[in-house]
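Understanding the architecture of this molecule
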Amino acid sequence: MNLTAKRDALTEERELCDHCLGRQFAQLGHGLENYERGAIARQNNELSQGDFDPGRVPESAEPGGTCDVCQGVFEELDHWTELVVSSMERYGANTFLLGIRPPSEAVEAEEQLWESYGAMDAETMKTELSRLIGKRIENRTNLTVEFKRPDLNPVLDMNHDRVELQVNSLLIYGQYNKHSREIPQTVWHCRKCRGDGCEQCDWTGKNYPTSVQEEIQPPFMRETEAIEAKFHGGGREDVDARCLGKREFVLELVEPLHRDLDLEELQEEVNQSDKVEVFGLRPADKDEIEEIKEKHADKTYRAYVETGEPPEDLELEKLRS
Ligand SMILES: [Zn+2]
Ligand SMILES: [Zn+2]
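Please read all numbers here as calculations on a predicted model, not as lab measurements. (Residues numbered from 1 in each chain as written. Chains lettered and ligands numbered in written order. Predicted model: local features only at pLDDT ≥ 70, side-chain atom pairs only at ≥ 80, totals over all residues.)

Let us look at the pairing of strand β8 (residues 243-254). The two faces of the sheet receive side chains in turn, since in a regular strand these alternate between them. In this structure, strand β6 (residues 170-178) lies alongside β8, joined through eight bridges in antiparallel fashion. Within β8, the position partnered with G174 by the bridge is F249. Sheet topology note: the strand β7 (residues 228-233)/β8 ladder contains six bridges and is antiparallel. Within the sheet, the bridge partner assigned to A229 lies in β8 and is L253. (Pairing = 2+ DSSP bridges. Helix = DSSP H or I, 4+ residues; strand = E, 2+ residues; numbered from the N terminus.)

Shown next, in the form of structure tokens:
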């Protein structure tokens, strides 16, 4: 089917907005929005590939329009934008990636178009909506689109006129030394009450009053207002040994309200502790959690041994091995 015949067949039996018409020619021409392609497609009797040029967009071209396919979703771009922006408002974030669920009827109608006329040159309604609404969000906020690891993942559900927001964790990489021989790496809940508090744990719910995690995380919780922190350590810690080799860790702050932290200042604050000292704090990637956990680090133990009598050389050899 040539372009003219495809255009005629598409517009003959149904009302199509310029977005939905133009989307069937989305791969043709550069620097055009689909509604501009749609307006171009309508303007001449004969349609050829060269017509899809930014210089040929009719002045009357504009977004929106009533339509049998999309149900007019492009008429409401400002509404959709507002819905997503307000869902993200309380979170201090830098990046986002928008997901879209277009109305089910619209998706079905679009699939029927493809069955009849082929999907060659076409783009999905979902892709177009994500791009247009994503751009509007970028213009209205300080957020930018990020594909790899966005801070926020809003999913706009057009069927139910609502947004499901996924807030990704803030991850901080660092290293620590443990100067105490009396604390574990992470919170160690009382075995008997599992954290609820009982007589055995003196109603603290814990076996130890503090831990490496609890020495590090409070200022991060305070600054980010996260709902929870998870401590991912590179290997486990002996409660009764010091650790002086700078063990790696990633602190995960779940659903933070704020992400712009002064890490130098926080490091200083943590290091007022006499039990734990941290080094080299910086933002981390999700992959680093697994990397740190899988890395096998050799350990060297240093121990002082008291003997009743001076040991023989042979006994010392045995001790060493
Ligand atoms: Zn439409
Ligand atoms: Zn207990």
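What follows covers the nonpolar core. Generally speaking, soluble globular proteins have nonpolar side chains that are buried together. Counting 37 residues, the largest nonpolar core has L16, C20, V69, C70, V84, L98 and I133 as the members making the most contacts within it. Those elements that provide at least two residues to this core are α2 (18-23), α3 (34-43), α4 (77-88), α5 (104-117), α6 (125-140) and β4 (152-157). With five residues, the single largest contributor to this core is α6. Once residues within four sequence positions are removed from consideration, C20 is found in contact with C67, V69 and C70. (Core = buried A, V, L, I, M, F, W, Y, C linked by C-beta atoms within 7 Å. Buried ≥ 20, exposed ≤ 12 C-beta atoms within 10 Å, placed from the backbone. Contact = placed C-beta atoms within 7 Å.)

Two numbers describe how α4 lies on α6: the axes approach to 9 Å, and their chain directions differ by 60°. Overall, the two elements α4 and α6 adopt an arrangement that is oblique. Where α4 crosses over α6, the handedness of that crossing is right-handed. For the pair α4 and α6, contact is made by L77, W80, T81, V84 and V85 and by L132, I133, R136, I137 and R140, respectively. Residues of the contact of α4 with α6, tallied by class, amount to seven nonpolar, one polar and two charged. (Axes fitted to C-alpha atoms, helices over the stretch in contact; angles between N-to-C directions. Parallel < 35°, antiparallel > 145°, perpendicular 65-115°, else oblique. Left-handed = near helix turned anticlockwise from the far one by under 90°. Nonpolar A, V, L, I, M, F, W, Y, C, P; charged D, E, K, R; others polar.)

Split by domain assignment, the protein resolves into domain 1 (3-167) and domain 2 (170-294). Here the C-alpha centre of domain 2 lies 46 Å away from the C-alpha centre of domain 1. If you look at the interface, domain 1 gives eight residues, while domain 2 gives seven residues. Of the residues in the side of domain 1 that touches domain 2, the class split is three nonpolar, two polar and three charged. (Domains from an automatic or database assignment.)

With that settled, consider the sheet that holds β7. Sheet strands line up and pair through hydrogen bonds in the backbone, either parallel or antiparallel. An order of β7-β8-β6-β9 is seen for the four strands of this open sheet, with the pairing classed as antiparallel. Edge strands, defined here as strands with exactly one partner in the open sheet, are β7 and β9 (276-283). Adjacent strand axes in the sheet meet at a mean angle of 30° when their direction is disregarded. Of the strand pairs in this sheet, β6 and β9 are connected by six bridges, and their pairing is antiparallel. Bridge pairing in β9 links Y176 to V278. Lying on the sheet, helix α10 (residues 287-294) is in contact with β6, β7 and β8; it crosses β8 at an angle near 150°.

A positive phi angle is found at D161, which is not glycine, with a value near 55°. Along the polypeptide, D161 turns up in the loop between β4 and β5 (162-167). Although it is not a glycine, W203 adopts a positive phi angle of roughly 65°. As for its position among the elements, W203 is in the loop between β6 and α7 (212-216). Overall, W203 belongs to the exposed group, with 12 C-beta atoms counted inside 10 Å.

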